[in-house]
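Coordinate inspection notes
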Amino acid sequence: MPTPDEIRARLEALREGDLPVHGGRTLAYVYDAGLAEVDALARDAVAAFAGSNGLDPTAFPSLLTMENDLVAFARELVDGPDTMVGTITSGGTESCLLAVLGARDARPEVTDPSIVVADTVHAAFHKAGHAFGVRVVVVPTGADHRADAAAMAAAIDDTTVLVVASAPSYAHGVVDPVPAIAAAAAARGVRCHVDSCIGGWVLPYAARLGRPVAPWTFAVEGVTSISADLHKYAYAPKGASLLLHREPALRRPQYFAHAGWPGYTMLNPTLQSTRSGGPVAGAWATVRAIGHDGYLDLTRRALAATDTVAAGIDALDGLALVAAPESTLVAATADGPLDVFTVCDEMAERGWFVQPQLSYDGQPPSLHVAISAATDGAAFVAALAEAVAAARDAGPVVVDPGVADLLRSIDAATLGDDEFDMLLAAGGLADGDGDLGLPERMAPVNALLDVAPPALREAVLVAFLDRLARPPATPFGEAPGGPFATGT
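Here is a short report on the structure shown in this document. Being a predicted model, the structure only gives us computed values, none of them experimental.

Rules behind the numbers
- Residues numbered from 1 in each chain as written.
- Predicted model: local features only at pLDDT ≥ 70, side-chain atom pairs only at ≥ 80, totals over all residues.
- Heavy atoms only, no water.
- Helix = DSSP H or I, 4+ residues; strand = E, 2+ residues; numbered from the N terminus.
- Rg over C-alpha atoms; globule rule 2.2 N^0.38 Å.
- Buried < 20%, exposed > 50% of the residue type's maximum accessible area, 1.4 Å probe, protein only.
- Areas by Shrake-Rupley, 256 points an atom, 1.4 Å probe, with all protein chains shown as cover.
- Lys, Arg positive; Asp, Glu negative; His and termini not counted.
- Charge placed at Lys NZ, Arg CZ, Asp CG, Glu CD.
- Pairing = 2+ DSSP bridges.
- Right-handed = clockwise from strand over helix to strand, strands pointing away.
- Axes fitted to C-alpha atoms, helices over the stretch in contact; angles between N-to-C directions.
- Contact = heavy atoms within 4.5 Å.
- Core = buried A, V, L, I, M, F, W, Y, C linked by side-chain atoms within 4.5 Å.
- Expected span 1.5 Å × (residues − 1).
- Arc of directions from axis to C-beta.
- Salt bridge = Lys/Arg side-chain N within 4 Å of Asp/Glu carboxyl O.
- Patch = residues over 30% accessible without salt bridge, like charges linked within 9 Å, V, L, I, M, F, W, Y side chains within 5 Å.

Let's shift gears to the overall build of the protein. If you tally the helices and strands in the protein, you get 16 helices and 13 strands. Taken over C-alpha atoms, the radius of gyration comes to 24 Å for the protein, in line with the 23 Å a tight globule of 488 residues would show. Taken along the three principal axes of its C-alpha coordinates, the protein extends 70 × 60 × 50 Å. Taken over 488 residues, the protein has a buried fraction of 48%. About 22600 Å² of surface is accessible on the protein, with carbon and sulfur atoms providing 58% of the total. Positive and negative charge centroids in the protein, built from 31 and 59 side chains respectively, lie 7 Å apart.

Given below as structure tokens:
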């Protein structure tokens, strides 16, 4: 058996291929405050409570205390009334899922429930619709990428159980007109959820810093619930989010209880039963250590870096801002003959991870960044200028017209494994023998995906993930053999 030191060394070796979680250069997936001491404290808290189980608050009252503390801290951020309650979930997607589930189950008389969303709403709400049998009624956004409140109001009918607004939307970083949307929902007796998973810990402090922030909190009449992630701009360890409700009666339908079996009576406030106490304790320790003054400073730094990045893009020949950022999210498209996918690759060559966004409904592809407090905006802009110059020299990725026509004609619903393998190989994600791997540069892959209709993109990526997630012949990189190889 390997020693603990050997296992630690192997863990470090495995991590070498990952994106860095510190340094402010991974501009998606992770959020870095740049506070090493707080990070260490949070890791200690996660480790200390990793074995605790949030399934039963009477068995682990410490977790309930920490959860209630975090909800109370958030109350001031979202202008919550004294009646506000909340739940810690595993992340933004679970918070959004529960918002939909609770809204559905609060209206059992609606036999064909639906939710009304803008086309910029996070994909988590489409996942909720798929999982819970709820129709998702999608309303196109306007030219400013904000939800069209009048169109959303018109889409509400007797089947609507929830209307969703974003503060801000992920793809474009702008805040929807929450007052008008919430008023329309309230007029029809429908719940209104504000998805502020990525803005909930930024917008309140931005307002305190004197920046203009559109209304989005419980101060807006008609807003019934809000989601805000702790593991984003509260800078807590993964994974922790808050789902907040204006009053307890609105939260109660999300609970699940079952006593009709011989075991213990199950009672779950979230989609999970067993819940590790680690993320709860990590979030509690982080928020307690940073506090309001600390978050105010972190937000000031993140927004200053965002301003620098936005101004740099605005001044850079070849790129254009999709929208003026209203929080810490920036999206940019090509302004002229420039391939943004190649720009993303060139940024990776310079040590920056920039997220590509594919074209959608006539909107061109874009690059997307989520700026953290630890991000050096000036360094990013300098690297981006180099990346744009290199991408311009390289020229755009050209997709063979015949391949493009083929992709547009394929019915994703009827594809078999052989066809999937062909498409994976065409995208550079698999060789002729079906062996998978990522190419050194992703621009050719993204260019192919960009030509494909969304349903085919989904199918190809599902096939790719399915083939990646296959177990090795032997675990842990060991040679074949061992005590079970011969049945002994």
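That shown, we press on.
Judged from the five bridges that link them, strand 2 (residues 114-118) and strand 3 (residues 135-139) form a sheet pairing that is parallel. Bridge pairing links A118 to V139 in strand 3. Traced from strand 2 through helix 5 (residues 123-132) to strand 3, the parallel crossover comes out right-handed.

Strand order in the open sheet made by the seven strands is 1-7-6-5-4-2-3, with mixed pairing throughout. Both edges of this open sheet fall to strand 1 (85-89) and strand 3, since each of them pairs with a single strand only. In this sheet, adjacent strand axes meet at a mean angle of 20 degrees when their direction is disregarded. Packed on one face of the sheet, helix 7 (residues 178-187) meets strand 4 (160-166) and strand 5 (191-195) and runs near 155 degrees to strand 5.

This next bit is on the sheet that holds strand 11 (residues 329-334). Spatial strand order, 10-11-13-12: four strands in an open sheet with antiparallel pairing. Sheet topology places strand 10 (319-321) and strand 12 (355-357) at the edges, where each strand pairs with a single neighbour. Each strand axis lies, on average, 35 degrees off the axis of its neighbour in the sheet, ignoring direction. Here strand 11 runs beside strand 13 (residues 366-370); their pairing, made up of five bridges, is antiparallel. Pairing of T333 across the sheet is with S366, part of strand 13. The sheet contacts of helix 11 (residues 340-349) involve strand 10, strand 11, strand 12 and strand 13, and relative to strand 12 the element is tilted by about 170 degrees.

Looking at the element boundaries, E346 is found in helix 11. Taking relative accessible area as the criterion, E346 reaches 11% and is therefore assigned buried. Beyond its immediate chain neighbours, meaning those up to four positions away, E346 contacts A387, A390, A391 and R441.

Side chains of a nonpolar character, in soluble globular proteins, are inclined to be buried together. W201, L230, Y235 and Y295 are the most contacted members of the largest nonpolar core, which totals 67 residues. Tallying contributions element by element places helix 10 (residues 277-315) first for this core, with 10 residues. Not counting chain neighbours up to four residues away, the residues in contact with W201 comprise F73, A74, L77, A228, D229, L230, Y233, A234, L242, V287, Y295 and T299.

Another point: the environment of K232. When you line up the elements, K232 lands in the loop between strand 6 (225-229) and strand 7 (241-245). Classification of K232 by relative accessible area gives buried; the value is 16%. Once the C-alpha coordinates of K232 and V354 are considered, the two residues, 122 residues apart in sequence, prove to be 17 Å apart. Setting aside its immediate chain neighbours within four residues, K232 contacts Y31, C197 and I198.

So, about helix 16 (residues 454-468). When the terminal C-alpha atoms of helix 16 are compared, their 21 Å separation across 15 residues agrees well with the 21 Å that a helix rising 1.5 Å per residue should span. Within helix 16 the residues assigned to the buried category are L456, R457, A459, V460, A463, F464 and R467. The arc that holds every buried residue of helix 16, seen down its axis, measures 170 degrees, which confines them to one face. Those residues of helix 16 that are exposed and aimed more than 90 degrees away from the buried face are E458, V462 and L465.

Before going further, it helps to examine the pairing of strand 6. The element strand 6 is extensively covered by neighbouring structure, given that five of its five residues are classed as buried. Residue alternation in strand 6 divides its side chains into two sets, S225, S227 and D229 and I226 and A228, and both sets are buried. Bridge count between strand 5 and strand 6: three bridges; the pairing is parallel. Residue pairing across strands places H193 opposite S225, the latter belonging to strand 6. Since strand 5 and strand 6 lie parallel, the crossover through helix 8 (residues 203-208) that links them has a hand, and here it is right-handed. Bridge analysis of strand 6 against strand 7 gives five bridges, and the strand direction is antiparallel. What sits directly across from A228, in strand 7, is L242.

Now for the pattern of salt bridges. Per the counting criterion, the structure on display carries 21 salt bridges. For the salt bridge of E109 with R107, the shortest nitrogen-to-oxygen distance reads 2.6 Å. Residue classification places E109 among the exposed residues on the basis of a relative accessible area of 51%. Across the salt bridge formed by R211 and D307, the nearest N and O atoms sit 2.6 Å from each other. Within this pair, whereas R211 is found in the loop between helix 8 and strand 6, its partner D307 is found in helix 10, the two being separated by 96 residues in sequence. Salt bridges linked by common partners bring D345, E346, E349, R350, E386 and R441 together as one network.

Time to look at a nonpolar patch on the surface. On the surface, I7, L11 and L14 cluster together into a nonpolar patch covering about 280 Å² of accessible area. Of note, I7 is situated in helix 1 (residues 4-15). I7 sits in the partly exposed class, given a relative accessible area of 42%.

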